[in-house]
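Spelled out, the chains give:
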Amino acid sequence: ADTACKNRPLDLVFIVDSSRSVRPEEFEKVKTFLSEMIDTLDVGERTTRVAVMNYASTVKVEFPLRAYFDKASMKEAVSRIEPLSAGTMTGLAIQTAMDEVFTEEMGTRPATSNIPKVVIVVTDGRPQDQVQDVAVSARTAGIEIYAVGVDRADMQSLRIMASEPLDEHVFYVETYGVIEKLTSRFRETFCAVNVCALGTHGCQQVCVSNGASYLCDCYPGYILNPDKRTCSAVDMCAPGRHECDQICVSNNGSYVCDCHEGYTLNPDKKTCSAMDMCAPGRHDCAQVCLSNDGSYSCGCYEGYTLNPDKKTCSAADVCAPGRHDCEQVCVRNDLFYSCDCHQGYSLNPDRKTCSRAITSSLVTTEESCKCEAIVALQDSVTSRLEALSTK
């Protein structure tokens, strides 16, 4: 009685593995451990109530929380437990504890009593079913889970099922022969005043034990409100809180990065790179796409002009003023042009300028002189007439 816990009532359920990997002599060691644990507890109807479950591929409730309220009866019932010898359905065992043991009909005290619900799972193997989701459901329902691994136990599975903080809820021993040494560890845990475990605190998310008192805290991405109990999601997109290159999208205490139009998110999920907006299928230019740092503009081939819609092109009038360099006549030919001259002129070798044409190529020198004189006279007359006309 002197070694029993006097200050922390519990609704405590032991779930012990009796699969084929547990040898008969090892299972006897487990029963010894259970009996020694019972000895350390302040057992009673109004103090700590104890239930024991036995599992392998099936689950058996050896006795519920309402069965015994004295140590002698409990230890006698423990001594009669026989191994089931097949499979390791740990998830099924925890689910059965929730459905069939932690009920008021089976002896669990109502939530208004603020009596902690505690499970101690003892196993030497790897669960053969999905234990993670079941463990999460149990912890969410307010059940505190301790995981004890022996010998070949899978440590990752123990960590998955146990409550936080893991270093206070996951235990390991090399063999069943030394499992009794955990008795003192559990006695220290259950006898310590742990206000957070009593369920009487008002913390919304995290309760941090502080001697005989406690403090409230929040999950990552949340901050404690001025009432020191509730939590609010942090604006993770506030300046200085994120690493996004362009756009930060807040997401319930976390964030994701995004990019402006015309940019794509790089593999680092933080920075952005300009898209090739002129890649096939990204633009609607009829002829030429001009990429411009995450955007684009349209252009046209030579001989075409951009229409007012800034996308399509029309053939240009190459003979429009200013578009050609013909001295006299521009002749349009689809997208190109050629130069010509007025009557009485001929195109020079540069194919642009014109010179007055010579009407006959078969003339004598004398006739040539006469022709030149006539031409000169004609030019003089023409100039004189033009002068008179201007007057």
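This is a predicted model, so every value here is computed, not measured.

Cut-offs used in this document
Residues numbered from 1 in each chain as written. Predicted model: local features only at pLDDT ≥ 70, side-chain atom pairs only at ≥ 80, totals over all residues. Heavy atoms only, no water. Salt bridge = Lys/Arg side-chain N within 4 Å of Asp/Glu carboxyl O. Buried < 20%, exposed > 50% of the residue type's maximum accessible area, 1.4 Å probe, protein only. Pairing = 2+ DSSP bridges. Helix = DSSP H or I, 4+ residues; strand = E, 2+ residues; numbered from the N terminus. Axes fitted to C-alpha atoms, helices over the stretch in contact; angles between N-to-C directions. Patch = residues over 30% accessible without salt bridge, like charges linked within 9 Å, V, L, I, M, F, W, Y side chains within 5 Å. Areas by Shrake-Rupley, 256 points an atom, 1.4 Å probe, with all protein chains shown as cover. Parallel < 35°, antiparallel > 145°, perpendicular 65-115°, else oblique. Contact = heavy atoms within 4.5 Å. Nonpolar A, V, L, I, M, F, W, Y, C, P; charged D, E, K, R; others polar. Domains from an automatic or database assignment. Phe/Tyr/Trp six-rings, centres within 6.5 Å; stacked < 30°, edge-to-face > 60°. Core = buried A, V, L, I, M, F, W, Y, C linked by side-chain atoms within 4.5 Å.

**Q** Mind laying out the pattern of salt bridges, listing which residues take part and the relevant values?
**A** Inspection of the entire model under this criterion finds 13 salt bridges. Between E62 and K60 there is a salt bridge, with its nearest N and O atoms 3.9 Å apart. With relative accessibility at 42%, the residue K60 sits in the partly exposed group. Taken together, the salt bridges that share partners define one network made up of D124, D151 and R152.

**Q** Any details on the sheet that holds strand β1 (residues 11–17)? Residues and values, ideally.
**A** Spatially, β3-β2-β1-β4-β5-β6 is the arrangement adopted by the 6 strands of the open sheet, whose pairing is mixed. With one partner strand each, in any of the chains shown, β3 (59–63) and β6 (170–173) form the two edges of the open sheet. With strand direction ignored, the average angle separating the axes of adjacent strands in the sheet is 20°. Across 6 bridges, the pairing between β1 and strand β4 (residues 117–123) is parallel. Looking across to β4, one finds that I15 is bridged to V121.

**Q** Give me a nonpolar patch on the surface: which residues, what numbers.
**A** Nonpolar side chains collect at one region of the surface, where L377, V381, L385 and L388 lie side by side and expose about 390 Å² of accessible area between them. Structurally, V381 is set in helix α8 (residues 365–390). Owing to a relative accessible area of 40%, V381 belongs among the partly exposed residues under this scheme.

**Q** Would you mind going over the packing of helix α1 (residues 24–40) against helix α2 (residues 71–79) in detail, with residue names and values included?
**A** Running from amino to carboxyl end, α1 crosses α2 at an angle of 170°, the nearest separation of the two axes being 9 Å. Between α1 and α2, the angle falls in the class roughly antiparallel. In contact with K31, L34, S35, I38 and D39 of α1, α2 contributes K71, M74, K75, V78 and S79. Each residue belonging to the contact of α1 with α2 can be placed in one class, and the counts come to 4 nonpolar, 2 polar and 4 charged.

**Q** Give me the lowdown on the domain arrangement of the protein chain, citing residues and values where you can.
**A** Domain annotation of the protein chain identifies domain 1 (5–193), domain 2 (195–233) and domain 3 (322–359). Relative to domain 3, the C-alpha centre of domain 1 lies at a distance of 106 Å.

**Q** Any chance you could break down the packing of aromatic side chains for me, citing the residues and the numbers?
**A** By convention here, two paired aromatic rings are described through the distance between centres and the angle between planes. For the structure shown, the criterion picks out 5 aromatic pairs. With a centroid separation of 5.2 Å and an interplanar angle of 75°, the aromatic rings of F63 and Y68 are classed as edge-to-face. Residue class for Y68 comes out partly exposed when judged on its relative accessible area of 22%. Members of the aromatic cluster, joined through ring pairs, are F33, Y146, F171 and F186.

**Q** Pulling in residues and values, what's your account of the nonpolar core?
**A** Counting 33 residues, the largest nonpolar core has I120, F186 and F190 as its most contacted members. Mapped by element, the contributors of at least two residues to this core are β1, α1, β2 (49–55), α2, β4, β5 (143–150), β6 and α6 (182–191). Excluding residues within four positions of it along the chain, F186 makes contact with F33, M37, I120, Y146, V148 and F171. Ranked by size, the runner-up nonpolar core spans 27 residues in total, among them A51, V131, A138 and L158.

**Q** Any chance you could break down unusual backbone geometry for me, citing the residues and the numbers?
**A** The omega torsion of the bond from E164 to P165 falls at -10°, within 30 degrees of zero and hence cis. One non-glycine residue, D151, adopts positive backbone phi at about 55°. By the secondary structure assignment, D151 is in the loop between β5 and α5 (155–161). By relative accessible area, D151 is classed as partly exposed at 32%. Although it is not a glycine, K228 adopts a positive phi angle of roughly 65°. With respect to the secondary-structure elements, K228 resides in the loop between β9 (222–224) and β10 (231–233).

**Q** With reference to specific residues and values, describe the pairing of β3.
**A** Looking at chain direction, β2 and β3 are connected through 4 bridges and run antiparallel. Bridging from a neighbouring strand, V52 pairs with F63 of β3. Following β2, the chain reverses through 3 residues before pairing antiparallel with β3.

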